[in-house]
Each structure stands twice: as structure tokens, then as C-alpha cells.
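# Observations on the model geometry
Listed below are the residues making up each chain.
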Amino acid sequence: MDVDVHGTVAEGFEPVREAFARNFEALGDRGAAVAVYRDGRRVVDLWAGVKDVDGAEPWRRGTAQVVRSATKGVAAAVLLLLHQRGELDLDAPVGQYWPEFKAHGKERLLVRHVLSHRAGLPVLDRPLTLREAADPQRAAEAVAAQAPVWEPGTDHGYHALTYGWLLDELVRRLTGRGSGEWIAAEIAAPLGLDLWVGLPETQAHRVGTVGGIEGPEPSGALRARPKRSVTEAYADPSSLARRAFAAITPFPDQNDPAFRAAALPAANGVATADGLARFYASLIGPVDGVRLLDPATVERARAEESAGPDRVLVVGTRFGLGYMLHGSASPFLAPGSFGHPGRGGSLGFADPESGIAFGYVTNGFRRTVTADPRAQALIRAVRRSPAF
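Analysis parameters
- Residues numbered from 1 in each chain as written.
- Predicted model: local features only at pLDDT ≥ 70, side-chain atom pairs only at ≥ 80, totals over all residues.
- Heavy atoms only, no water.
- Helix = DSSP H or I, 4+ residues; strand = E, 2+ residues; numbered from the N terminus.
- Expected span 1.5 Å × (residues − 1).
- Buried < 20%, exposed > 50% of the residue type's maximum accessible area, 1.4 Å probe, protein only.
- Contact = heavy atoms within 4.5 Å.
- pLDDT = per-residue confidence, 0-100.
- Pairing = 2+ DSSP bridges.
- Axes fitted to C-alpha atoms, helices over the stretch in contact; angles between N-to-C directions.
- Parallel < 35°, antiparallel > 145°, perpendicular 65-115°, else oblique.
- Left-handed = near helix turned anticlockwise from the far one by under 90°.
- Nonpolar A, V, L, I, M, F, W, Y, C, P; charged D, E, K, R; others polar.

### Overview of helix 7 (residues 162–175)
In a regular helix each residue adds 1.5 Å, so 14 residues correspond to 20 Å; helix 7 covers 20 Å between its end C-alpha atoms and thus fits that length. Across the 14 residues of helix 7, 10 count as buried, placing the element largely inside the fold. The elements touched by buried residues of helix 7 are helix 2 (71–84), helix 3 (94–97), helix 4 (111–115), helix 5 (130–133), helix 6 (136–145) and helix 8 (179–191). Glycine 176 sits one or two positions beyond helix 7 and adopts a positive phi of about 80°.

### Points about unusual backbone geometry
Here threonine 249 and proline 250 are connected by a cis peptide whose omega angle stands at -5°. Residue placement: proline 250 occurs in the loop between helix 10 (240–245) and helix 11 (257–261). Positive phi, close to 60°, is recorded for histidine 117, a residue that is not glycine. Residue position: histidine 117 is located in the loop between helix 4 and helix 5.

### Thoughts on the confidence of the model for the protein chain
The pLDDT averaged across the protein chain works out to 95; a share of 97% of its residues lies at or above 70. Under a pLDDT of 50 for its full length, residues 218–225 has, in the predicted model, 20 contacts with residues more than four places off or in other chains.

### Some words on the sheet that holds strand 7 (residues 270–271)
In space, the three strands of this open sheet follow the order 4-7-5, with antiparallel pairing throughout. Edge positions in the open sheet fall to strand 4 (65–66) and strand 5 (195–196), since each of these has one partner strand only. Direction of pairing for strand 4 relative to strand 7: antiparallel, over a ladder of two bridges. Within the sheet, the bridge partner assigned to valine 66 lies in strand 7 and is valine 270.

### Things to note about the packing of helix 6 against helix 7
Relative to each other, helix 6 and helix 7 sit at 110°, their axes nearing to 9 Å. Looking at the two axes, helix 6 sits roughly perpendicular to helix 7. Crossing geometry of helix 6 relative to helix 7 is assigned as left-handed. Of the residues in helix 7, those touching helix 6 at Pro136, Ala139, Ala140 and Val143 are Thr162, Trp165, Leu166, Asp168, Glu169 and Arg172. Within the contact of helix 6 with helix 7, the residues separate by chemical class into six nonpolar, one polar and three charged.

Structure follows, in C-alpha cells:
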């Protein structure tokens, strides 16, 4: 697909434009955008293709898309900020803030276990409908009533959907606001981010439709033709992998306005590439005078909490507090980088040592969970840029 690439790159970051164009020519992108910040200043701002995956309307500056699990990195900042402000103890039991949660042996389940995917609650014995999942009270009751599938704190496994309900109820108990409201008021507004968890109707016109696309087989841990253990896990209805991603059943149409309007902080954030990159830039330094996390909190966020075989994803993963860490399953820019991919392609991360923050969004979802080849091509281009 030949496209006209729009936007700008600062001197020394020209390889990113070249890689972005090649994503359309060789890797199947239909519509996408990428943004990169360096020390709080935007140095890459590119977009191309079509707004809707199967449409003809052009992607414009400010076009936004559903970013799936890239939402988790934004949501994690809420708990980290509450901790930074002295309102939340990361080492406290969740039940200290949410007494009903103590049922079924969860009395000693800590807040940090939620953020590091060590809670033992990646599945629900009875999945929720979209209507139930979007009801904060119903969703909170479901995870509070769920028994862990492993002893909390002793192992890790990706909490694909339950992560959001766990986090959201903690935020409600502490602040009286849902995580989507909190993000809008305390993160997006001060930074001027085009980023929402619970899309307002007034912004719906900016969001393109998403869908599956085919392309060359990606490399990386979770690829189109994964090793047998991964294939078997996703084929087995009783596996933790299948059950974790089926915690909402049937899985919603991500173009459904009701899905986008719901505040599901594990799965349905909507953002521009600039919104993601600007958010991550504000975690590691000031952006127009606004910095979210202080250096000590950044170090907490990216300190390894979980590593090794993932009980859900069936590959080796690494997590800090709310963020994936650089590794084979989710390669970022450098060993100290931290962030979060979205299943199918989107990605946001920060690298404190280089001052780089990165955001990529697309309307074409591939069969990748992490390590999407389009985002990886852009990361490699940043790394080989003369100005890096």
C-alpha cells in the first residue's frame, strides 16, 4: 500500500519516517500514526493512510483509535500517583481499602500484586457480558467473589481484563471517582492529552473503525505461528489463556459505541499516538511544565516484580508495577524502558535513560499480543536515528 506520509520529524530522526512509510508498503498497515518525544519535546509526529480500516476517509492529525491493552499503562499511573500523594500504600492488602474483597483467601493479596499481575485472578468463573462489565458495581462484585487460581504473590500471569476492574474499584474506594474520570481530570486535562478511558460522545467523530489485517509473519515471542504450547493454550477453552481473554463473553465489537463509551481501564482506552507518547513523556520528565511521576516513583514502576513463565500468556514475561518491562516478549528501546502494548499493534513506552517516549496507534489489528512488527520497525528506526 503506497501512502502519503504526513507530519514532521526533527532533524536526526529521519529513519522513523522511512520505517513508517515501509510499514504501509511491506507490513500491511492501513491507517496509523507514530509520535516520539525526546526530553519532553516532540520530535516525531507522523500519520498516514485511512481513518477506518476498510474505508477511504483519510487519517488526519488528531485521529484516534482504540488501543486495547495499551490502556493498562495509563491506568497504572493512577495508582502510582495516589501512592505518590500518600493516599495509597502499595504494600497494603487490597482488603484494607475494599473490605468485601477479602473473600476466598484474598486477605493477604496486596496492591502491588494487582499491578504486577500476581493477584491470581486472571479469570472469572462466570464471565461478564459487556453490560455487566461496564457496570462498576457488578464488575467489582464479580472479582471480589472470585477465588484465586494460584496463591496471590507466588506466581504471575497476565490479567487481560480483570486487571481493569481490580484497579478501578481501588480508585473508587480511595477517591470516589472511577478511573476513567480520574484519568480525564488528573492526567489528560493537565497535559492536554487526546486520550480517554470511556470515550465522550463529543469525541466519537474522531475515532476510526478497527479490524483485523493480514501481513508478513512477525518475529518475537507471541507471533502469528507461535510455538505449540502457546497454540494449544489458546485452543483449549479451559486454559487460563482462553479464559482470561474471555472474562467478557461474548467479546465486544470494539467499534460498538457502547464498548468505547464504557470505562474499561484494562482494554478500551482511545488515544492518538501523540496522546500516548506525551503521556509517557510526562512520566519521566516535564512536558510543558507538567510532570506526573517523580524519579523515585518511576524507579518503583520499572523495578522488576514479575519475571519468567507467564501462567496466562505461556511465554516469559517481565512486569514492574503496572508496566511491561523490556524483554523478549515485549521489546522496547533499551533495558530500562517500560510501557505497555495493546493486543494487535498499539504501543506506548518510556525510556528514562535516553529521555525517549513513544506512541504508536493503528486501525489494523494483527494476531500479535506483543512485539508487533510495525511497532518494532519504528523502535529500531528510533534506535538508529543519528539524533538518538
